[in-house]
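Summary of the model geometry
Listed below, chain by chain, are the residues.
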Amino acid sequence: MIVEFIISELDFYLIEKVRELRIKANISQVKLAHKIGVSEGFIGNVENPKQNQKYNIRMLNRIANALELKSYCDLFPEKIISNDVVKIKIELLDTNTKNQESRFKSIKISPCTESEIEDYNKKQNRTKSSKNIL
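I will try to describe carefully the structure that is included in this document. (Residues numbered from 1 in each chain as written. Predicted model: local features only at pLDDT ≥ 70, side-chain atom pairs only at ≥ 80, totals over all residues. Heavy atoms only, no water.)

1. Digging into the overall build of the chain
Defined as follows: Elements are defined by DSSP. Helices are runs of H or I of four residues or more, strands are runs of E of two residues or more, and each kind is numbered from the N terminus. Relative accessible area decides the class of each residue, using a 1.4 Å probe on protein chains only: under 20% of the type maximum gives buried, over 50% gives exposed, and in between gives partly exposed. In what follows, a contact means two residues having at least one pair of non-hydrogen atoms within 4.5 Å. Using a 1.4 Å probe, accessible areas were evaluated by the Shrake-Rupley method; residue-level cover was limited to the displayed protein chains.
Tallying secondary structure elements over the chain gives 5 helices and 3 strands in all. Reading the helices (α) and strands (β) of the chain from amino to carboxyl end gives β-α-α-α-α-β-β-α. Expressed as a percentage of the 134 residues in the chain, the buried residues total 34%. Contacts in the chain between residues far apart in sequence, at least 24 positions, make up 65% of those at least 6 positions apart. For the chain, the exposed area adds up to about 9,000 Å²; of that, 49% sits on carbon and sulfur atoms.

Take a look at the structure:
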């Protein structure tokens, strides 16, 4: 299955890095969720490229502690990411286990146009507004 989505490039990097570190530490999504104090399905939603959930800074701190990282440098890229928002096209691979490391093949990552960024920002603002109502 081929999936295309728009996301902050840094968010995408962090989601994939946390997943990689979680698998390396042999910690399930559920166990990580319990350790950082979120619902059991939250980590799965964040790791699912078809969902719009993301980590926030507080969660990254709790994740660093839960995974017993030595430094925040273990989470973040070595260099500053040049693109803010990107369009990512991936092929989801057929995974037999939930912890399989290669869950997709990257087909294309490209910077978004100004109109795509505007649409993305509007969508993010609507999501934030609906969360504030709750």
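2. Remarks on the packing of helix H2 (residues 29-36) against helix H4 (residues 57-66)
Using the following cut-off: A fitted line through C-alpha atoms serves as each axis, taken over the contacting stretch for helices, and the angle formed by two N-to-C directions is quoted from 0 to 180°. If an angle is under 35 degrees, it is roughly parallel; if it is over 145, roughly antiparallel; if it lies from 65 to 115, roughly perpendicular; otherwise it is oblique. By convention the crossing between two helices is left-handed if the near helix lies anticlockwise of the far one by an angle smaller than a right angle, and right-handed if it lies clockwise.
It is the contact of H2 with H4, at a shortest axis distance of 9 Å, that shows an interaxial angle of 115°. The angle between the axes of H2 and H4 places the two elements in the roughly perpendicular class. For the pair H2 and H4, the sense of crossing is right-handed. Along its contact with H2, which presents Leu32, Lys35 and Ile36, the element H4 presents Arg62, Ile63 and Ala66.

3. Remarks on a nonpolar patch on the surface
Filter applied, for reference: Here a patch means residues that are over 30% exposed by relative accessible area and free of salt bridges, tied together within 9 Å if like-charged and within 5 Å if nonpolar (Val, Leu, Ile, Met, Phe, Trp, Tyr). Any carboxyl oxygen of Asp or Glu within 4 Å of a side-chain nitrogen of Lys or Arg constitutes a salt bridge here.
A cluster of nonpolar side chains, contributed by Leu10, Tyr72 and Phe76, occupies part of the molecular surface with about 260 Å² of accessible area. In this fold, Leu10 is placed in helix H1 (residues 9-24).

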